[in-house]
Every structure is written in C-alpha cells, then in structure tokens.
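These are the residues of each chain, in order.
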Amino acid sequence: MRISARADYAVRAALQLAAAPDDEPLKAEAIADAQDIPHKFLESILNDMRRGGLVTSRRGGNGGYRLARPAGSVSVADVIRVVDGPLVSVRGVRPPDLAYTGPAASLLPLWIALRSHVREILDGVSLADLATTQLPGKIVELADSPDAWDNP
C-alpha cells in the first residue's frame, strides 16, 4: 500500500487542527509552517477536507480552519478517503469490482483481505488517538513487532 503525499499532508494538517488549543481556528499558513507542507498544496487539501465535511473554515482576521467534529470521531481513514478516495484499489478499481480467471482467480480474496485489514487499522485510529499519543493497543502491538520496521 502506498500513502500519497496528499494523504500524508491531510492527516498531518488534521492532527495540527486536533491539537489546537480550545478548538481555535488555525490559518492555513500556520498549519503549513508547523508541518512543513507547501502552502498552495495545503490550501487545495483543506478545500477537499472542507467539501468532505471534515473541517470548517471562516474568513477574516479571526478566521481559519477547525475540525468540523470532535477529533475522537474522525478516523485516519476518514481523512484519507476525503482527499484520496478509496483506501485500497487495484488500477483505480475497488476490489469487489474486479474479476480474475485461471491461476489469478485467488487474487481477488487477497485484495479483499488486504482492504479489510487496511480498513481495520485506519478506521480504528482517530485523530484524538494520534494527537494524544494514545494509540490503540493493537496498533502498538503491530508497530512493536521487530519485522514491522524492516524493509525487505
């Protein structure tokens, strides 16, 4: 699985908003500077997140962006889906819409299983979990596996 720069930046921006004191609105420039994200690219991402209902925005001197709902109710998967679409696709096609024949027929259940596990992990971690460094035990366990850090 590949996480795009767009998805990475979106999650980082959402985390910056989740960590804002007293749910203060943050200006795009402040988020971009804090997370070292190109400002113009971030503006596009924030617009997608606004259209997707994850953030709200307000213009003016006291304006900026804030999460549209509590950080505990926004999963990492929610953010990725808004900016990148489906979590797992093959050549841009969702696994249930694929068909294989012959020796490749067993690929379909493999892609479905992959999607299931990606969903389980990314839907199971909220912005609040990340912002407070309180990852679910299952995630900590997976990350603590010695093999998890190897690049085969």
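Quick look at the structure, then. (Residues numbered from 1 in each chain as written. Predicted model: local features only at pLDDT ≥ 70, side-chain atom pairs only at ≥ 80, totals over all residues. Heavy atoms only, no water.)

**Quick word on unusual backbone geometry**
The phi angle of most residues is negative, glycine excepted, and most peptide bonds adopt the trans form. Its identity as a non-glycine residue notwithstanding, Asp36 has a phi of 55 degrees, on the positive side. Secondary-structure assignment places Asp36 in the loop between α2 (28-35) and α3 (39-51). Phi at Thr133 takes a positive value of approximately 55 degrees, unusual for a residue other than glycine. Mapping Thr133 onto the fold places it in the loop between α6 (127-131) and α7 (137-144). (Helix = DSSP H or I, 4+ residues; strand = E, 2+ residues; numbered from the N terminus.)

**Here's the deal with the packing of aromatic side chains**
Taken as a whole and assessed by the stated rule, the structure comprises 1 aromatic pair. Aromatic side chains Tyr9 and Phe41 sit 5.5 Å apart centroid to centroid with 80 degrees between the ring planes, which places their arrangement in the edge-to-face category. Here Tyr9, found in helix α1 (residues 5-18), pairs with Phe41, found in helix α3; they are 32 residues apart in sequence, far enough to count as distant. (Phe/Tyr/Trp six-rings, centres within 6.5 Å; stacked < 30°, edge-to-face > 60°.)

**Some thoughts on the side chain of Ser4**
Counting through the fold element by element, Ser4 comes out in the segment before α1. Taking relative accessible area as the criterion, Ser4 reaches 13% and is therefore assigned buried. There is a polar contact of 3.0 Å between the side chain of Ser4 and the backbone nitrogen of Ala7. (Buried < 20%, exposed > 50% of the residue type's maximum accessible area, 1.4 Å probe, protein only. Polar contact = N/O pair within 3.5 Å; in protein donor to acceptor, adjacent residues only side chain to side chain.)

**Some details on the pattern of salt bridges**
Applying the stated criterion across every chain yields a total of 6 salt bridges. Linking Asp8 and Arg12 is a salt bridge whose minimum nitrogen-to-oxygen distance equals 2.9 Å. Within this pair, Asp8 and its partner Arg12 are both found in helix α1, separated by 4 residues, close to a single helical turn. In this structure, Asp123 engages Arg81 in a salt bridge whose closest nitrogen and oxygen atoms are separated by 3.0 Å. Taken together, the residues Asp123 in helix α5 (residues 107-123) and Arg81 in helix α4 (residues 76-84) connect sequence positions 42 residues apart. (Salt bridge = Lys/Arg side-chain N within 4 Å of Asp/Glu carboxyl O.)

Distances and angles like these do not, on their own, reveal function.
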